[in-house]
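Structural overview for review
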Number of protein chains: 2
Amino acid sequence: MHNFGAGPGALPLPVLAAAREALRELPGAGATILEISHRSARFEEILAEAEANLCELLGIGDAWKLLFLQGGARQQFALIPINFLAASGRCGEYVVSGYWSRTAHAEAGLAGGSAVLWDGAGERYRRMPRPDELAFPPARAAGAAYVHYTANETIEGTQFRELPEFGPVPAICDASSELLSRPLPVERCAMIYAGAQKNLGTAGLTLVAVRRELLERAAPSLPAMFDYRRLADAGSMLNTPPVFAIYVTLLVTRWIRDDIGGLEEMARRNRAKARTLYRVLDESGGFYRGHALPESRSHMNVTWRLADAELEPLFLDQATAAGFMGLGGHRSVGGLRASLYNAVSPASCRALAGFMAEFLRCHG
Amino acid sequence: MHNFGAGPGALPLPVLAAAREALRELPGAGATILEISHRSARFEEILAEAEANLCELLGIGDAWKLLFLQGGARQQFALIPINFLAASGRCGEYVVSGYWSRTAHAEAGLAGGSAVLWDGAGERYRRMPRPDELAFPPARAAGAAYVHYTANETIEGTQFRELPEFGPVPAICDASSELLSRPLPVERCAMIYAGAQKNLGTAGLTLVAVRRELLERAAPSLPAMFDYRRLADAGSMLNTPPVFAIYVTLLVTRWIRDDIGGLEEMARRNRAKARTLYRVLDESGGFYRGHALPESRSHMNVTWRLADAELEPLFLDQATAAGFMGLGGHRSVGGLRASLYNAVSPASCRALAGFMAEFLRCHG
């Protein structure tokens with residue numbers, strides 16, 4: 001099957017093979033990856049290599065701390081205001097560009113003062129804001145604890161072509177459905193986080209990269225598992241981390257570096273994959289209608305409707321029968337969506353494009 | 001290798017084989033277990049079967065909700081007071097019988113009023129309290145939001161032979177290192193929780209069973225991921241659950257039911273395994289010194305020192321060379337520990353007992 005699921009999504013075949021092998025026996029461990037202690041020398045090596053590879057791929061150095069956490073991006077929605085807002089006396093600013101950034105903003109309201117810097121609801125979240133729409137008035141910038149935005153809206157299929165800049169306001173970027181799909185200008189960010197089940201590995205692991213400078217502003221006396229500073233000081237080992245999920249992410253970083261050749265090449269591949277599908281939408285004479293406006297089109301999640309919505313169930317049925325899975329839109333918006341995460345091959349994208357062209361010929 | 005690790009620990013061979021197979025292709029899914037959507041029909045079946053099997057093994061029915069969460073027991077240490085203490089105007093009562101229950105109590109202090117019903121520090125946490133030591137004065141019972149205790153102290157190696165009863169005070173039981181190792185009298189509990197990496201599966205999943213009655217007392221307006229009620233209403237699917245870890249737990253429940261024959265038989269097996277090792281301690285003429293007092297000895301974690309502590313590194317080295325792994329005591333207390341979780345075979349225990357007897361002959 002060609003897997004276009006929005007996450008958990010496809011994983012690279014070499015990663016699956018190596019994960020399977022580690023369930024037979026992890027080399028040098030005397031047990032499988034599911035059975036080794038998180039305090040063992042073997043797991044220390046795994047964690048250290050995963051961290052080093054991620055820092056290298058992300059281009060982050062000593063100014064940053066990398067955390068391996070649980071609970072998904074959704075738990076970060078709560079931890080960010082608890083750590084950086086509740087005790088700050090400042091305001092958490094949110095760019096609301098779709099379902100996930102709106103959900104993140106809702107959590108901030110529980111912890112302290114929050115505000116919306118930009119909201120795309122009036123345009124049905126079909127685009128990301130332009131730089132001029134994200135300019136802070138100086139007084140407002142001074143009162144901001146941070147500004148939070150979502151780099152890629154998984155549900156609407158919109159993406160910042162370039163990450164925004166916010167000057168002195170610490171920018172916190174939810175990069176859940178795009179981290180490691182392209183190089184990111186980390187110098188524009190104070191914190192970047194992502195659930196692993198899109199491009200980084202398997203469900204149950206959340207990566208958080210945070211500048212030490214921001215960490216120092218975290219509130220004191222938080223519950224241990226919610227306290228970024230304590231989690232950082234404990235090297236993500238305050239309690240048992242998700243050992244297997246971390247191992248899968250290590251395998252994914254090796255694959256990107258060694259098999260693909262790095263993030264530049266990964267991005268080139270992902271751009272080409274997305275172009276293959278957007279071309280079908282653009283050349284369908286209105287039969288397929290993309291949701292995102294062209295300048296905000298996501299390279300990770302392509303979303304569209306059929307002009308005749310009644311044909312959508314037929315499209316999905318025939319797609320499934322033809323070996324394409326995961327093409328249903330998110331239950332909150334319906335329609336169709338093809339997620340083109342790193343492990344989805346260019347060949348799968350060409351096959352889907354072919355299927356879509358054929359469906360158009362039969363029903364257009 | 002014989003794996004006596006304290007968690008993540010050994011898993012049953014049939015579980016490992018089936019997990020490996022699901023990394024090749026999950027039957028009926030068209031993808032591996034790491035790549036299917038948590039909203040797919042196939043995963044709904046997995047979750048429903050895992051839930052049904054767990055309810056059957058635990059003996060819990062409609063009065064309970066079962067949650068599949070992340071963050072380990074340690075995250076529950078924070079969520080319990082946040083949900084049931086902070087807004088209650090009552091007191092969280094704690095039985096402090098060792099490292100983990102002490103850690104749970106420390107978290108409660110951050111969220112509201114807490115008190116210690118019993119503390120075993122004066123006796124170096126060598127035993128669990130007797131029933132008469134846990135009796136609440138009526139006025140204190142009326143002011144208690146709940147009473148929290150740890151059924152098995154993984155680090156000290158102590159265990160309640162019978163779970164305590166607290167009458168009208170809702171009892172919350174951390175059963176992390178013993179859940180599914182024996183039948184538990186759930187009628188004495190309002191909530192039971194456990195990290196999965198001991199007897200239930202792999203790291204990254206936390207099981208919480210909670211009575212609906214207690215759920216109704218949970219605080220309103222909590223962050224979504226910390227809100228037991230919302231997590232329950234969403235069927236543990238507020239966001240992407242740890243799909244693979246849930247699948248492993250499903251496999252473990254099948255193994256206990258079908259291969260072992262149920263919890264009574266599991267408990268009989270575990271008692272016999274523990275007896276094999278405690279006999280070596282008791283018959284060593286003081287060469288091996290068990291930490292737990294006999295009436296509180298854990299059937300899951302056997303802890304001991306050597307009378308001559310300088311021999312301990314040699315014991316560990318020779319044990320490793322002889323194929324026994326995970327025997328070092330927790331870094332907070334040192335000494336030696338053999339964890340006898342469900343998947344550790346009686347044959348492994350006999351082999352360790354033989355090694356210990358031989359070490360005694362050479363060095364006693």
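Whatever comes next refers back to the structure up there.
First, a word on what this report is: a plain description of the structure on this page. (Residues numbered from 1 in each chain as written. Chains lettered and ligands numbered in written order. Predicted model: local features only at pLDDT ≥ 70, side-chain atom pairs only at ≥ 80, totals over all residues. Heavy atoms only, no water.)

1. As for the packing of aromatic side chains
On inspection of all chains with the given rule, the structure shows 35 aromatic pairs over all chains. When the ring of Tyr288 of chain A is compared with that of Phe315 of chain A, the centres are 6.1 Å apart and the planes differ by 80°; the resulting orientation is edge-to-face. Note that Tyr288 of chain A is positioned in strand S11 (residues 288-290) and Phe315 of chain A in helix H10 (residues 312-321), a separation of 27 residues in sequence. Just as Tyr288 of chain A is buried, Phe315 of chain A falls in that class too. For the ring pair Phe287 of chain B and Tyr288 of chain B, a centre distance of 4.9 Å and an interplane angle of 80° mean the geometry is edge-to-face. With respect to class, Phe287 of chain B is no different from Tyr288 of chain B; both count as buried. Each member of the aromatic cluster is reached from another via a ring pair, and the members are Phe4, Phe287, Tyr288, Trp304, Phe315, Phe324, Phe355 and Phe359 of chain A. (Phe/Tyr/Trp six-rings, centres within 6.5 Å; stacked < 30°, edge-to-face > 60°. Helix = DSSP H or I, 4+ residues; strand = E, 2+ residues; numbered from the N terminus. Buried < 20%, exposed > 50% of the residue type's maximum accessible area, 1.4 Å probe, protein only.)

2. Quick word on the sheet that holds S11 of chain A
Residues and elements named next belong to chain A. If you trace the three strands from one edge of the open sheet to the other, you get S11-S12-S14, paired in antiparallel fashion. Bordering the open sheet on either side are S11 and strand S14 (336-339), each of which pairs with just one other strand. Neighbour to neighbour, the strand axes of the sheet diverge by 35° on average, direction disregarded. When S11 meets strand S12 (residues 301-306), the two strands line up antiparallel, connected through three bridges. Paired with Gly290 across the strands is Trp304, a residue of S12. Along the sheet, helix H9 (residues 263-282) makes contact with S11, S12 and S14, crossing S12 at roughly 20°. Of the strands in this sheet, S11, S12 and S14 are in contact with H10, which crosses S12 at around 130°. (Pairing = 2+ DSSP bridges. Axes fitted to C-alpha atoms, helices over the stretch in contact; angles between N-to-C directions. Contact = heavy atoms within 4.5 Å.)

3. Some details on the interface of chain A and chain B
At the interface, 53 residues of chain A touch 53 residues of chain B. Roughly 4,300 Å² of surface becomes buried between chain A and chain B when both sides are summed, with 59% attributable to carbon and sulfur atoms. Three residues stand out in chain A for area buried against chain B, namely Arg20, Leu34 and Glu35 of chain A, and they jointly supply 15% of the buried area on that side. Linking chain A with chain B are zero salt bridges. In this structure, the connection of chain A to chain B is made through 17 residue pairs in polar contact (both at pLDDT 80 or more). When contributions to the side of chain A that touches chain B are tallied by element, the ones reaching two or more residues are helix H1 (13-22), helix H3 (72-84), helix H4 (99-111) and helix H8 (243-260) of chain A. The biggest single contributor to the side of chain A that touches chain B is H3 of chain A, with six residues. Partitioned by chemical class, the residues of the side of chain A that touches chain B number 28 nonpolar, 17 polar and eight charged. (Buried area = accessible area lost by both parts, 1.4 Å probe. Salt bridge = Lys/Arg side-chain N within 4 Å of Asp/Glu carboxyl O. Polar contact = N/O pair within 3.5 Å; in protein donor to acceptor, adjacent residues only side chain to side chain. Nonpolar A, V, L, I, M, F, W, Y, C, P; charged D, E, K, R; others polar.)

4. Observations regarding the pairing of strand S9 (residues 191-195) of chain B
Residues and elements named next belong to chain B. Burial analysis of S9 places five of its five residues in the buried class, the great majority of the element. Of the two faces of S9, the one carrying Met191, Tyr193 and Gly195 and the one carrying Ile192 and Ala194 are both buried. Relative to S9, strand S8 (residues 171-174) is paired through three bridges, and the arrangement is parallel. Among the inter-strand pairings, Cys173 is bridged to a residue of S9, identified as Ile192.

5. Observations concerning the pattern of salt bridges
Under the definition given, this model contains 32 salt bridges over all chains. The shortest N-O distance in the salt bridge between Arg188 of chain A and Glu165 of chain A comes to 3.9 Å. Here Arg188 of chain A, found in the loop between strand S8 (171-174) and strand S9 (191-195), pairs with Glu165 of chain A, found in the loop between strand S7 (158-159) and S8; they are 23 residues apart in sequence, far enough to count as distant. Accessibility expressed as a relative area gives 59% for Glu165 of chain A, which makes it exposed. Residue Glu133 of chain B is joined to Arg127 of chain B by a salt bridge in which the shortest nitrogen-to-oxygen separation is 2.8 Å.

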